[in-house]
Amino acid sequence: MHELSLAYEVIELAKREVFKNQVTTIFEMEIEVGDLSGVEAVAFLSALEMIAKSTLLEHTLFHIIRQPATGRCSTCNLEFEMKERMATCPSCHSFPYEISGGQEFRVTSIVAE
Ligand SMILES: [Zn+2]
């Protein structure tokens, strides 16, 4: 399961931050997940919470910030939000010729003490 191994990576990263910055508690973590990043946000969050349970991130609040992608239709030039890689134009059902955003997968902030 892809989401599970990513969740392990995020937890490891958080642990490294804890040791590096000599903090004891991580209150919040914010992670950006693009809609086209291939990461399923809900599955990722539950994997994260499951792994965090037996670690020092047990009480950490995880925020998943979803980043939508925008496609531009190759036929009618309409700009539309893409929730998945194969999304087509809502007006004429053509594929977009240009896609921007939605590829992010990164930890954007850690609130610790
Ligand atoms: Zn179109």
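Residues numbered from 1 in each chain as written. Predicted model: local features only at pLDDT ≥ 70, side-chain atom pairs only at ≥ 80, totals over all residues. Heavy atoms only, no water.

Colleague: I'm lost on unusual backbone geometry in this one. Help?
Modeller: At Gln22, a residue that is not glycine, the phi angle is positive and equals roughly 50°. Examined against the element boundaries, Gln22 turns out to sit in the loop between helix H1 (2–21) and strand S1 (26–34). At His93, a residue that is not glycine, the phi angle is positive and equals roughly 65°. (Helix = DSSP H or I, 4+ residues; strand = E, 2+ residues; numbered from the N terminus.)

Colleague: Explanation requested: the pattern of salt bridges in the structure shown.
Modeller: Between side chains of opposite charge, pairing is possible as soon as their charged atoms come close. Inspection of the entire model under this criterion finds six salt bridges. Ionic pairing is found between Lys15 and Glu12, a salt bridge with its closest N-O pair at 3.4 Å. Taken together, the residues Lys15 and Glu12, both in helix H1 and three residues apart, mark about one turn of the helix. Take Lys15: its relative accessible area is 24%, and that puts it in the partly exposed class. Note on Glu12: relative accessible area 37%, which makes it partly exposed. Asp35 is the partner of Arg66 in a salt bridge, and the nearest nitrogen-oxygen pair spans 3.0 Å. (Salt bridge = Lys/Arg side-chain N within 4 Å of Asp/Glu carboxyl O. Buried < 20%, exposed > 50% of the residue type's maximum accessible area, 1.4 Å probe, protein only.)

Colleague: Would you explain the side chain of Glu3 in this entry?
Modeller: Here Glu3 is to be found in helix H1. Of the side chains with opposite charge, Arg85 lies nearest to the buried Glu3, which makes no salt bridge, at 11 Å. At 2.8 Å, the side chain of Glu3 and the backbone nitrogen of Glu40 are in polar contact. Sequence-distant contacts of Glu3, that is, excluding residues within four places in its chain, are made with Gly38, Val39, Glu40, Ala43, Phe44 and Ala47. (Lys, Arg positive; Asp, Glu negative; His and termini not counted. Polar contact = N/O pair within 3.5 Å; in protein donor to acceptor, adjacent residues only side chain to side chain. Contact = heavy atoms within 4.5 Å.)

Colleague: Any chance you could explain the coordination of the zinc ion here in plain terms?
Modeller: Angles at a metal have ideal values that depend on geometry: 109.5 degrees with four tetrahedral donors, 90 or 180 degrees with six octahedral donors. Within the protein, the zinc ion binds to Cys73 (SG), Cys76 (SG), Cys89 (SG) and Cys92 (SG); these donor distances fall in the range 2.3 Å. Sequence spacing of the donor residues for the zinc ion, all on one chain, is C-x2-C-x12-C-x2-C. One end of the pair, Cys76, is in the loop between strand S3 (69–73) and strand S4 (79–82); the other, Cys89, is in the loop between S4 and strand S5 (96–100), and 13 residues separate them in sequence. Since its relative accessible area comes to 37%, Cys76 is described here as partly exposed. (Donors = N, O, S within 2.8 Å, 3.2 Å for Na, K, Ca; no water.)

Colleague: What exactly am I supposed to notice about H1 here?
Modeller: Owing to its 3.6 residues per turn, the α-helix brings residues three or four apart onto one side. Across its 20 residues, H1 extends 29 Å between first and last C-alpha, which sits within 8% of the 28 Å expected from 1.5 Å per residue. For H1, the complete set of buried residues consists of Glu3, Leu6, Ala7, Val10, Ile11, Ala14 and Val18. Each buried residue of H1 lies within a common arc of 140° when the element is viewed along its axis, so the set occupies one face. Among the exposed residues of H1, those pointing more than 90 degrees away from its buried face are Glu9, Arg16, Phe19 and Lys20. (Expected span 1.5 Å × (residues − 1). Arc of directions from axis to C-beta.)

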